[in-house]
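# Coordinate inspection notes
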Amino acid sequence: KLDLLSSFQEKLESACSCDCLYWIDSVIPVFFEDIFKNPDQVTRIPYLLAALRDCRRLLLSYDPTPPSTLLEGKKTTGPSKQAAAFVKSFKMEVLGHFEKKIIQPLCREVENDLRLHIHSVVLQQSSLRKVKFKDLRKFFQMRPLKFFDTMVDVKERVTHYLDSTFYNLTTVTLHDWKIYAEMRNLAYEEYGLKMAEVHLPGSSHYSEGLDILEIMRNIHIFVGRYNYNMNTQMFVEQATDQKHLNTISIQHIADSIRTHGTGIMNTAINFTYHFMGRKLDTFSEFLFDDHIKSRLIKDIRWFKENKEKLKNKYPFVRAQKFNRAIRKLGVTKKGETYLDRFRRIITEIGNALGYVRTVRSAGMEYSSNAIKFVPDLEDIAEFSDMVEEQKLASETLEACKNLDNVLKSLTGSFGGNTEYLKILVNIIKPALKKEKFRHLQNFHIIVPPLTFNFVEKMSIQKERISKKSGRGEASFTDDGFALGLAYLLKLLDQDAAFDSLHWFNAVKDFVNEKKAEIAAQKKQRSRANSTDMQHVQLTIKRLSNIRREFELLYYSFTGARIFFSEQESEEEKEEKKKQEGEGEGDKKEEEKKDGADEGGGSGVPAPPAAAPAEAGAIPPPPGAAGNIPPPPGDASLPDLGAIPPPPPGLLPPPPM
């Protein structure tokens, strides 16, 4: 008993030794595979690895020394090199089986589970989640495992695999960054895996949309192929028969500005200025045409003579007749009239202005993101002054000066004081006041027929959206027309002239009158045929559609006019008050002088004020049509009667 008690530890160790597993190593991968298939038995892994560690004693006991050497009394101390090599080889074999049967399948299962879960939500297909996955969370609840001198952390290995996979796939398709971000969040919620953030740009303007340089160089193509939405500041590609449409938003332009720098903004405005000059040339040509000019002068004279009968409202029927009269002048192969082409010119001008507005908003978006780490924008310290006080190295001083310049540039850009739309008005407006452009003063009278033409076009395009066949253009928004209309009226100082037509009120009255007539006809025809009722319903639907489209146009047009509204600064208000005060003082002095003269004046009456020129007596602009500047193909800025070039300090020349 004493012998047993003194040697029970050695006997217990030899009885419980699992070194026999070394001779049946083919069952080791089977053990791991069985544990992975049954996650409830994950607690077996530490014990299995502990059993495999018993093989170490067996491997270290290997001694390649020949027996003759042992008989001579030469004994080696410590394990031999061959024994250490056996241990290392066995360790690598077991860890290889663990990697192949536990780690790799676990990584694939977790990734598939995350993908199917996200896709089932994005694609709204619940069938993707019907696949039952094993409860793999128990693998991540294990503590790090130790095998010989190596630590194995299952949770860290799977996290590293998912991090590297998601990062590599995000670099390939940057537009999927949001999906992978949601998968990271889901991995933390489901399995407790804390994954690293991928510091990549949120989107790629090269893959998702046009670059600002491409738009700038081909702006004449861009404004013709895209429609502008004023509320979202987004451009949507015109649809013909394609399944997918490209869009350009503020984020795309902001990404381009981040790539090319804020200097690209002024260059983009410069290109837009050149484009506006070419389009205004075409705009002037249309209104200078004899057929159009004579019709407009006739309408202006007619409205002045009958405005009391019309209650100062331009009649809706007159706009319809104008459209029909223009159609008689000719139609293109695509079925477009001259008024359609004129409307397209105004829409392209508005799209160009919308592009300018989007560039400005994108610049502010970029600046706000870049300057968000500055605590106080109103009180930014000069780092270069601090460095000079401390007398630091010249390299540090130069770096601080660069930092100060960057902060000043970002602060100026973030302020948003540059009103690009008003700049485009103030630069071109003085040139259009010359005598040779007097025919442009008839523009306000063509606005009602233009809006009617636009409403008809939008109604047709919106109906085509629901139709699957056909090559016609389909669209749901086109705010470029309203923006271009507001810009041209402001440019020509015809806002008041157009408001005097009360056009939108006339449209509303026309629709109400027609509906009242239809209601009266219904009462008279108590027994109407089904065909008549169908016709009446279609008429009511058409009138409602006209009213809705005109209301949408009115809202867009009113919002666009705000962009060009002039707000007086405090200095201008003070100057006006001073001028008014001086004027009142002069009047008082004149009254005193008149009283002192006691009627001693010459008595000669002042000449009567010149009567305003009649609209019909507007003389034709000097110069023939042959003096019109070169076509849009010319890269130089069109003259347009000496439209001034942009100020050199404000709009730098385009890059080479």
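Up top is the structure these notes are about.
Just so we're clear, the structure is a prediction, and the values are computed from it rather than from any experiment. (Residues numbered from 1 in each chain as written. Predicted model: local features only at pLDDT ≥ 70, side-chain atom pairs only at ≥ 80, totals over all residues. Heavy atoms only, no water.)

So, on to the environment of Ile250. Mapped onto the fold, Ile250 is located in helix H14 (residues 250-260). Linking Ile250 and Gly363, residues 113 residues apart in sequence, is a C-alpha distance of 8.8 Å. When residues no more than four places from it in sequence are discounted, the contact partners of Ile250 are Gln233, Thr358, Ser361, Ala362 and Glu365. (Helix = DSSP H or I, 4+ residues; strand = E, 2+ residues; numbered from the N terminus. Contact = heavy atoms within 4.5 Å.)

Another point: the sheet that holds strand S5 (residues 247-248). In space, the three strands of this open sheet follow the order S3-S4-S5, with antiparallel pairing throughout. Lying at the two open borders of the sheet, with one neighbouring strand each, are strand S3 (226-229) and S5. In the packing of helix H18 (residues 338-370) onto the sheet, the strands contacted are S3 and strand S4 (234-237), and the crossing angle to S3 comes to about 60°. (Pairing = 2+ DSSP bridges. Axes fitted to C-alpha atoms, helices over the stretch in contact; angles between N-to-C directions.)

It is worth spelling out a nonpolar patch on the surface at this point. Where nonpolar side chains cluster on the molecular surface, the patch consists of Phe383, Met386 and Leu403 and spans about 250 Å² of accessible area. Tracing the chain through its elements places Leu403 in helix H20 (residues 394-415). (Patch = residues over 30% accessible without salt bridge, like charges linked within 9 Å, V, L, I, M, F, W, Y side chains within 5 Å. Areas by Shrake-Rupley, 256 points an atom, 1.4 Å probe, with all protein chains shown as cover. Salt bridge = Lys/Arg side-chain N within 4 Å of Asp/Glu carboxyl O.)

Moving on, we come to the side chain of Asp479. Relative to the elements of secondary structure, Asp479 occurs in the loop between helix H22 (447-465) and helix H23 (480-491). What Asp479 contacts, discounting residues up to four positions off in sequence, is Tyr228, Asn229, Met230, Asn231 and Ser556.

Another aspect to go through is empty space enclosed by the protein. As enumerated under the stated definition, the model contains one cavity of 30 Å³ or more in all. Taken as a whole, the largest cavity encloses approximately 40 Å³ of empty space. Around the largest cavity sit ten residues that line it, and Leu280, Phe283, Leu432, Leu440 and Leu492 are the ones nearest its centre. Element by element, the count of residues in the lining of the largest cavity is highest for helix H15 (residues 263-288), at three residues. Considered class by class, the residues forming the lining of the largest cavity number nine nonpolar, one polar and no charged. (1 Å grid on protein atoms, 1.4 Å probe; cavity = no way out; pocket = protein on both sides within 12 Å on 5 of 7 lines; lining within 4 Å. Points joined across faces, edges and corners; volume = space filled by probe spheres on them. Nonpolar A, V, L, I, M, F, W, Y, C, P; charged D, E, K, R; others polar.)

Before going further, it helps to spend a moment on the packing of helix H21 (residues 420-428) against H23. Relative orientation of the contacting elements H21 and H23 amounts to 40°, with a least axis distance of 10 Å. In terms of orientation, H21 lies oblique with respect to H23. Judged by the twist between their axes, the crossing of H21 over H23 is right-handed. Contacts between H21 and H23 involve Leu424, Val425 and Ile428 on the former and, on the latter, Tyr487, Lys490 and Leu491. (Parallel < 35°, antiparallel > 145°, perpendicular 65-115°, else oblique. Left-handed = near helix turned anticlockwise from the far one by under 90°.)

All right, on to the pairing of S4 then. Judged from the four bridges that link them, S3 and S4 form a sheet pairing that is antiparallel. Paired with Tyr228 across the two strands is Phe235, which belongs to S4. Between S3 and the antiparallel strand that follows it, S4, lie four residues; Gln233 among them carries a positive phi value of about 50°. Examined bridge by bridge, S4 and S5 share two bridges and lie antiparallel to one another. Bridge pairing in S5 links Val236 to Thr247.

A few words now on helix H25 (residues 503-524). An α-helical segment advances 3.6 residues per turn. Residues three or four places apart therefore align on the same side. Given a rise of 1.5 Å per residue, 22 residues ought to cover 32 Å, and the 32 Å separating the end C-alpha atoms of H25 matches this to within 8%. Those residues of H25 that fall on the buried side of the exposure criterion are Trp503, Phe504, Ala506, Val507, Phe510, Val511 and Ile518. Taken end-on, H25 shows its buried residues confined to a sector of 160°, consistent with a single buried face. Across H25 from its buried face, at more than 90 degrees, point the exposed residues Glu513, Lys523 and Gln524. (Expected span 1.5 Å × (residues − 1). Buried < 20%, exposed > 50% of the residue type's maximum accessible area, 1.4 Å probe, protein only. Arc of directions from axis to C-beta.)

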